Amino acid sequence: MMGTWRARRWVIPVSVVGLCVVVVMSGCVLFEDERTAKGRKLYNHYCMHCHGEHGRQGEGYNWQHMPDPRPRDLSDEATMSTFSDEEIFSTIYRDMKDTTPEVGDPIGDEEFAVPTMPTFKYTLSEEEIWDVVGYVRTLHGMSLTYDVEARKKQLEQDLKAAEEELKQAQAALAAAEQRMAEAEAQAASADVGTDVDESEEDVADEEMDEEEVVLPEEIALEKAQLRYEQAKKAWENFTKRPRRLNIPRPDLNVSDDERAELEKLGKRLYENKYGCHACHSINQQGGIVGPPLDRAGFRLNGTWIYRWILYPQGIKKHTRMPNLGVTEDDAKALTFFLKTLRAPKPDRPIPPPE
Ligand code: HEC
Ligand code: HEC
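Colleague: Explanation requested: the overall build of the protein in the structure shown.
Modeller: Scanning the protein from terminus to terminus reveals 15 helices and 2 strands. Counting only residues that meet the buried cut, the protein has 34% of its 354 residues in that class. Within the protein, residue pairs in contact and separated by at least 24 positions form 68% of the contacts whose partners lie at least 6 positions apart. Of the roughly 22500 Å² that the protein leaves accessible, carbon and sulfur atoms contribute 54%.

Colleague: What am I meant to see in the site of ligand 2 here?
Modeller: As a matter of local geometry, ligand 2 sits amid 23 residues, with Cys276, Cys279, His280, Arg299 and Met321 nearest to it. Arg299 has a polar side-chain atom sitting 2.5 Å from an oxygen atom of ligand 2. Elements with a contribution of two residues or more to the shell around ligand 2: helix 13 (302–310) and helix 15 (328–339). With 3 residues, the top contributor of residues to the shell around ligand 2 is helix 13. In terms of residue class, the shell around ligand 2 is built from 16 nonpolar, 3 polar and 4 charged.

Colleague: Which parts of the structure should I look at to understand the coordination of the iron atom of ligand 2?
Modeller: In a perfect tetrahedron of four donors around a metal, the angles come out at 109.5 degrees. In a perfect octahedron of six, they are 90 or 180 degrees. At 2.0 to 2.2 Å from the iron atom of ligand 2 lie its protein donor atoms, namely His280 (NE2) and Met321 (SD). The site at the iron atom of ligand 2 holds 6 donor atoms, and with the angles between them running 88 to 179°, its shape is octahedral. Of the two residues, His280 is situated in the loop between helix 11 (256–272) and strand 1 (281–282) and Met321 in the loop between helix 14 (312–315) and helix 15; the sequence distance between them amounts to 41 residues. Judged by relative accessible area, which is 21%, Met321 ranks as partly exposed.

Conventions we followed
Residues numbered from 1 in each chain as written. Chains lettered and ligands numbered in written order. Predicted model: local features only at pLDDT ≥ 70, side-chain atom pairs only at ≥ 80, totals over all residues. Heavy atoms only, no water. Helix = DSSP H or I, 4+ residues; strand = E, 2+ residues; numbered from the N terminus. Buried < 20%, exposed > 50% of the residue type's maximum accessible area, 1.4 Å probe, protein only. Contact = heavy atoms within 4.5 Å. Areas by Shrake-Rupley, 256 points an atom, 1.4 Å probe, with all protein chains shown as cover. Near = heavy atom within 4 Å. Polar contact = N/O pair within 3.5 Å; in protein donor to acceptor, adjacent residues only side chain to side chain. Nonpolar A, V, L, I, M, F, W, Y, C, P; charged D, E, K, R; others polar. Donors = N, O, S within 2.8 Å, 3.2 Å for Na, K, Ca; no water. Tetrahedral: all angles 85-135°; square planar, octahedral: opposite > 155°, others 65-115°.

If you want it as structure tokens, here you go:
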């Protein structure tokens, strides 16, 4: 009896110590808040292959295959602490820039223009990106100071206020129209059998004939409508992943000269604007996150390529390939470039996409 009790007395302290060890070893995952946990999940799905599980250089399986510049060390507090939360946010949430010297887009000092770091502006919601920024902060032992909840609340309040304003403007217009209709009816009944003063009748007629009368309430409603749409868009950008509906069919019938131009442009955009080579290889050069594209010209149909490039999530919801915000013209050029990739069959079979 005594023996068993004595043995049992150790069970509780030992398991507490054991739990602590597990917590410390797993990077205190148990104490992670909900946002950081979401950020971790997104990071592991969309970032880890290039940046590594802990943000260290050389850690991600794609790292050594990437063209220059390769990712910096996200676990290094000395450099990472020099970036504000907003700066980190804007490297992930931005538009891609054509970095070709001389012919490319103008790039301002504040703009982050590294084609091999993809944008996630068109793949994730703003809220999700803030969650990822929060997680990136933990990689170098810091935490997010930006108040995501406050921003969310603000946007929600803005939307509610705009909605209320819109309702009021609609009611005001309805009331004004009602008043006008009543005035017209009154004028009409006054007309019947009454000896109306000529000049007064003229005025009434003029008002009724005037079809182009724009009520001030109408102008106010238009403004309220616009404000409401903006507030709604801001709220949706924050809370929802962007979608791209109605991708038009591309016109891929071009003259030989045009085709040659587009192929050249496409190759340039592939490397200097969208950094496709950070994830895909051609002739064994480039990243290994996506399948090699050596034989894309044989294997894939032009219209399919075009649609895939513009909105991969529309074809495969959770693909690791981000929507890079490619313009329709750029997608066409990229399609023509990929159609030139017609390498002979390799000795080894191409590994299937992940
Ligand atoms: C295809 C590889 C790749 C993927 C995927 C990728 N990155 Fe990067 N990232 C890079 C490269 C290349 C750079 C540029 C070199 C640098 O500054 O570190 C970079 C830079 C950064 C930087 C430093 C920014 C700066 O100002 O220098 C941060 C932060 C970052 N990435 C976060 C992320 C996050 C978060 C994700 C996932 C949502 C992600 N990256 C996905 C390749 C990648
Ligand atoms: C962050 C990495 C990444 C970047 C950047 C990227 N891709 Fe991809 N790509 C992928 C992955 C992963 C797949 C596999 C899709 C899947 O099954 O989820 C893929 C698939 C493809 C496919 C289909 C290949 C096949 O054989 O089925 C094409 C074509 C393609 N990408 C073209 C591009 C182009 C063009 C760009 C630049 C505009 C680009 N990709 C940028 C990761 C990336």
